[in-house]
Each structure stands twice: as structure tokens, then as C-alpha cells.
Amino acid sequence: MKQQISRTKAAYTNSIIAALAQFINLVFSFVTRFFFIHELGAEYLGLNGLFLNILNILSFAELGIGAAITFSLYKPIHDQNHQDILALMKLFRTVYRIIALIILVCGLILLPFLSNFIADKNLSVSVGNIYFAFFLALMNTVVSYLLSYKRSFVIAAQLGYIDSVNRLSFNVITQVFQIFFLLTLHSFYIYLFIQLLLTFLSNVRITMIANKRFPYLKDLSKAGKVSKDVVDYLKKNVIGMMSAKFGGVVVNGTDNLILSSFIGLSIVGLYSNYTLFLTGLASVLTQGISAVTSSIGNLGSEAGSLDLQKKIFHQYQYINNLVSAFGSFGLALFLPDAISLWAGKSYLLSALVTFLIVENFFITQLRQNVINVTNAYGLYWFERYKAVIEALSNLIISLVLVIVFKFGIEGVLLGTIASNIFVNSWWEPMIIFQNKLHGIWRKYTRNYLVTLFFGTLFLMLQTCWINSQLNVTNFWEIGLKILCFIFSMSIIVFVCGASSKISLVQLLKEKIGYK
């Protein structure tokens, strides 16, 4: 019973603090981006977005090894097996050092060809020394892998809230300094250097915290070798994670590359403003949803808990569906107004593009419960083919729509939506149903389709009709938009509850209890 109470408390604590910390960080990110836009301009904004996409692709070198090793830590942490923990942590440290070196070398090789990713060659000159700027951004990614292996241990030990507070503290410090130097020196290079320095200090701090809470982690020289069973597991699942990583890199990391190469940096800058809101909100929602992953993994290591796991899975899907709709409806109704007030009307994209952006966000968020359960159960091996098909379909569709049909940003978004609908929506849950939670696919599919249908319908009405009739020029219209949001959410709560046969009120009373 003590373990059950501990797991429940950990799940709620990690979810609440992670979401709150991410929200605070999101607010600071908007403030920093505001000063970035007004001090440096859209071209630098697009260049920064391009750097992030390239570095996301280089991070493919990580291959998902971290997630596989983190999953391997669940059982020894549960059993308090210090010997196995030390062996895994030593392996973790070695692997991450190698990954950091690979990313550094690949980044340096790519450096001379950086201008090839910018359509307007004159623009690449006007924004200054793009090579030095990219080097600073590259070092930030390299440094993020140094000392970060103990961060993963803290999360696996169901103490994710500690990492959330640590990240928040250093992110706020980073952005305060970035704003100060943007206003005083107007330097993109100093902006990137501050990010690099604070990333390193954040990893040092979380390492110190881990060593203090778990003193036996200090001396990895005493660690033995990882057992053969664990090594075999890691070899098998790293292959699965490698393909999953490849899929994620292509789907999420090539959008700005395509836009920059075939359209220009300016559209990347406009799109990056929208993605700042989307990724910011997604990080808040995902932090809250994914913070319980370690608790689900902990539950999955217990024998005789299969029925409880199935019950929690359905409750988890129901909550994730409502959270996804909540975030998406808010974006659909208020994102254009927020962009207009924050950056200016010249930074707005069309209603159709806005719908596609938010629809893509909605579909992606609907996957989060399945993704997190897959991670909790360590089912990476079974995703190896799915990720490759997803990546190729997304890339091919996007390139055809952009190059052949001249769809522009719409083509990139449609490519991502198509890969999500035709590949991820059925393949990802099938992995769970075939390998862990048998016999629940009908109920899951019904709940997913109901939420997708009504959610998409409301998003279309909100972005393409309601926003054309209402804006935030006065409190009356703000009130009408809020009423539209409440009405939409009420319908979703009703139809999702009827489909899943779960009462939101009853669920809140029971507090979902991860036992």
C-alpha cells in the first residue's frame, strides 16, 4: 500500500509542477520572443528557427538510447538494486559522451554548407556571420548531452518535479539575461552564448541534486557491467528507437528546412511565431500528461495489475482527449488575435493556414497518451517500421505539394497531417494492443474517432468563420469568443464521456488514482 500511495502522489506532484513550470517558462518565452522580433527582426527569427531544425536532425545521433536506458532503470529503482543502477548509469554516461562528440563532428562538417539551406543568398549575408551563430547553437546542443544522464535518473525515480523546477529556474535566468542584452547590445551572438552557458549550468545543478539525494551515484567507478539480459534488451530496442527517432526528426525537423530552401527565411519567421505558441502550449499540456509515464512504467512492472492497467489506459485517453481539445480550441479562437497584438498584423497567416496549424496540433496531441504508454512499457522495438513509413510519407507528400503543386506552407502542414492520420493514428495504438493491453482496441478506436470528428469540426468553424466575425477589439467580442470556447468544450466533454462511458465529475472525485 505504501508503494501505491507513493506512486499516486508522485504522478500528481510531477504532473502539476511540470505543467505549472512549463506555463511560467512559456510566458517568459513570449516576452523574450517579443523583444527578439522588435530588436532583431523576422530574418533573425527565421534563422534561429532554421538552426533549431538542423540541430534537431543532428540529434538523430541520440537514437533514443536515453529513453531505452531510462526504461531499464524502472525495475532496479523499484527493487532498490544499486548495483544494476550504477551499471546502467555508467553506460548512460559513456553513451551520451559519444553522442555529444558525434553531434559536434557532424555539425562542424555541415557548417560550410549552411548557406545552401537559405533560398535568398543576399539575406544570408545581411543577417551577419551565420557560421559563427550556428556554431554557438551547435555547442548548446552538444553541451545538453553532457552531465544530463543523471537528469534522466531523477525522472525515472518519479522525482520529475525536481527536474521541472531546475529547468524553470535556469530558463527564467537565461531569458532575463537574453532580454537585457537584446535591449542593450542587440546581439544575436550573445543571445546564443547565454543560452549555451545556462544550459551547461543547469546540467551541473541537476547533477549536484542527484548526487545529494542519491549519494551512491557519486562513484560510478564502482559500477559493474550491465547484465546480458539488459544489454540484449537495449540492442533490440535501440533499433526500434532509432527508427522512431528517424521518424520524429523527419516529421518535426524538416518543416523549416523545406520552407527556408524553397520559399525563404521570412516565411520561416512568420511560421515560427505560430509554432512558438504551439510548442509552448504543447509543452505545458504534454508535461502534465507525460509526467505520469514513470508511474505507469512502475505499475507495469507489478504482476497481476493488467486489469487496472487497462482501466487506467481508458481514463488516460479520456483525459488526454479533453486536454487536447481544450488547448486546440483555445489556439483556434485566440491565436490570431494574440499574434496580431503581440507581433503585429503583418505577422499573421491566412485562416486556412491557421486551421491547418491548429488541426495538426490537435491530431498530434491526441497521440500523447499512446506515446507515453508506449514509452512506459518500453515497446520501442515494435515501432521500428512505423516510424520509417511515417517519415517517408510525410517528406514525400510535403515535397510534392510544395515543389510540384506550389502549395507553400499549406503543403508542409498537409504532409504532416497526412502522415499522422494514415500512419500514426492506427499503428501506434495497435502496438500497445498487440503486445500489452489486449482486447481494448474497439473502445479506444471509437473514442479516438469521436473526438477527432467533433474536434476537427469545431476547429474548422472557429478558425474559418468565428474568427472572421469576431476579434479582440472590445470586451463584448472577447466574451463571445469565450462563450464559443465554453460551448465547444461542453460538447466535447459530453460526446467523449458518452463514447467512453466515463463521467468527468466521477473521475475527478476518484482522482484517477494510479495504484
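Just so you know, these numbers come straight off a predicted model, no measurement behind them.

Our next topic: the overall build of the protein chain. Within the protein chain one finds 21 helices and 0 strands. Taking all 515 residues of the protein chain together, 56% fall into the buried category. When contacts within the protein chain are restricted to residue pairs at least 6 apart in sequence, those whose partners lie at least 24 apart make up 86%.

Among the nonpolar cores identified, the biggest contains 136 residues, and Met89, Phe134, Phe188 and Phe313 are the most heavily contacted of them. The greatest single-element share of this core, amounting to 13 residues, is contributed by helix H12 (residues 265-290). Ignoring any residue separated from it by four or fewer positions in sequence, one finds Phe313 in contact with Asn369, Val370, Val373, Ile432, Phe433, Leu437, Ile440 and Tyr444.

Taken as a whole and assessed by the stated rule, the structure comprises 6 salt bridges. One salt bridge in this structure joins Glu428 and Arg367, with 2.6 Å as the shortest N-O distance. Of this pair, Glu428 sits in helix H18 (residues 409-435) while Arg367 sits in the loop between helix H15 (351-366) and helix H16 (368-377), and the two are 61 residues apart along the sequence. For the pair formed by Glu428 and Arg367, the shared burial category is buried. Put simply, Lys386 and Glu390 hold a salt bridge, and the shortest N to O gap is 3.1 Å. Separated by 4 residues within a single helix, Lys386 and Glu390 lie in helix H17 (residues 384-404), roughly one turn from each other. Since its relative accessible area comes to 4%, Lys386 is described here as buried.

It is at 9 Å that the axes of helix H14 (residues 306-342) and H16 come closest, and there the two elements cross at 145 degrees. Seen from H14, the contacting residues are Gln309, Phe313, Tyr316, Gln317 and Asn320; seen from H16, they are Gln368, Asn369, Val370, Asn372, Val373 and Tyr377. Class assignment of the residues belonging to the contact of H14 with H16 gives a composition of 5 nonpolar, 6 polar and no charged.

Where H14 bends most, the angle comes to about 50 degrees, and this point is Phe334, followed within four residues by the proline Pro336. Looking at the residues trailing H14, positive phi occurs at Gly344, about 120 degrees.

For any pair of aromatic rings, the description rests on two quantities: the centre-to-centre distance and the angle between the ring planes. With the rule as written, the count across this model stands at 26 aromatic pairs. Seen in terms of ring centroids, Phe326 and Phe485 are 5.3 Å apart; in terms of plane orientation they differ by 75 degrees. Their pairing is edge-to-face. Separated by 159 residues along the polypeptide, Phe326 in helix H14 and Phe485 in helix H20 (residues 475-500) bring together distant segments of the chain. Since its relative accessible area comes to 15%, Phe485 is described here as buried. Between Phe329 and Phe458, the ring centres sit 5.9 Å apart and the planes meet at 75 degrees, which makes this aromatic pair edge-to-face. Here the residue Phe329 occupies a position in helix H14, and Phe458 occupies one in helix H19 (residues 441-469), the gap between them amounting to 129 residues. With relative accessibility at 0%, the residue Phe329 sits in the buried group.

One non-glycine residue, His186, lies in positive phi territory at about 55 degrees. Secondary-structure assignment places His186 in the loop between helix H8 (160-184) and helix H9 (188-213). For His186, a relative accessible area of 41% corresponds to the partly exposed category. Here the phi dihedral of Lys501 falls at roughly 60 degrees; this positive angle occurs in a residue that is not glycine.

Together, Phe262, Leu392, Ile396, Val400, Ile403, Val404, Phe405 and Phe407 make up a nonpolar patch on the protein surface, roughly 730 Å² of accessible area in all. In terms of residue count, the dominant contributor to the nonpolar patch is H17 (5 residues). Structurally, Val404 can be placed in helix H17. When its relative accessible area of 56% is taken as the criterion, Val404 is described as exposed.

Bringing the packing of helix H4 (residues 82-110) against helix H6 (residues 130-144) into the picture now. Relative orientation of the contacting elements H4 and H6 amounts to 165 degrees, with a least axis distance of 9 Å. Taken as axis vectors, H4 and H6 run roughly antiparallel relative to one another. Between H4 and H6 the crossing geometry is right-handed. For the pair formed by H4 and H6, the contact residues are Ala100, Ile103, Leu104, Gly107, Leu108 and Leu110 on the first element and Phe134, Phe135, Leu138, Met139, Thr141 and Val142 on the second. A breakdown of the residues in the contact of H4 with H6 according to their chemical character gives 10 nonpolar, 2 polar and no charged.

When pLDDT is averaged along the protein chain, the result is 82; 85% of the residues meet or exceed 70. Across the protein chain, H15 holds the top mean pLDDT of 95, while helix H5 (residues 121-126) sits lowest at 53. Considering only residues more than four positions removed or in separate chains, one finds that residues 1-5, a stretch of pLDDT under 50, has 6 contacts.

This brings us to the environment of Arg205. Counting through the fold element by element, Arg205 comes out in helix H9. Along the backbone, Arg205 and Asn166 are 39 residues apart, and their C-alpha atoms lie at a distance of 7.6 Å. Those residues in contact with Arg205, other than ones at most four positions away along the chain, are Asn166 and Phe170.

The next point concerns the environment of Ala351. Relative to the elements of secondary structure, Ala351 occurs in helix H15. Note: C-alpha distance between Ala351 and Met460 (109 residues apart in sequence) is 9.5 Å. Those residues within four positions of Ala351 in sequence are excluded, and the remaining contacts are Thr463 and Cys464.

End to end, H17 covers 30 Å across 21 residues, agreeing with the expected 30 Å (1.5 Å per residue, within 8%). Within the sequence span of H17, burial applies to Arg384, Lys386, Ala387, Glu390, Ala391, Ser393, Asn394, Ser398, Leu401 and Val402. Immediately downstream of H17, the backbone of Lys406 shows phi near 55 degrees, a positive value.

With that out of the way, let us pick up the side chain of Thr141. If you trace the backbone, Thr141 turns up in helix H6. What makes Thr141 buried here is its relative accessible area of 11%. If near-sequence neighbours (up to four positions away) are discounted, Thr141 is found in contact with Leu55, Ser59 and Ile103.

Calculation rules
- Residues numbered from 1 in each chain as written.
- Predicted model: local features only at pLDDT ≥ 70, side-chain atom pairs only at ≥ 80, totals over all residues.
- Heavy atoms only, no water.
- Helix = DSSP H or I, 4+ residues; strand = E, 2+ residues; numbered from the N terminus.
- Buried < 20%, exposed > 50% of the residue type's maximum accessible area, 1.4 Å probe, protein only.
- Contact = heavy atoms within 4.5 Å.
- Core = buried A, V, L, I, M, F, W, Y, C linked by side-chain atoms within 4.5 Å.
- Salt bridge = Lys/Arg side-chain N within 4 Å of Asp/Glu carboxyl O.
- Axes fitted to C-alpha atoms, helices over the stretch in contact; angles between N-to-C directions.
- Nonpolar A, V, L, I, M, F, W, Y, C, P; charged D, E, K, R; others polar.
- Bend = angle between axes of the 7 residues up to and from the residue.
- Phe/Tyr/Trp six-rings, centres within 6.5 Å; stacked < 30°, edge-to-face > 60°.
- Patch = residues over 30% accessible without salt bridge, like charges linked within 9 Å, V, L, I, M, F, W, Y side chains within 5 Å.
- Areas by Shrake-Rupley, 256 points an atom, 1.4 Å probe, with all protein chains shown as cover.
- Parallel < 35°, antiparallel > 145°, perpendicular 65-115°, else oblique.
- Left-handed = near helix turned anticlockwise from the far one by under 90°.
- pLDDT = per-residue confidence, 0-100.
- Expected span 1.5 Å × (residues − 1).

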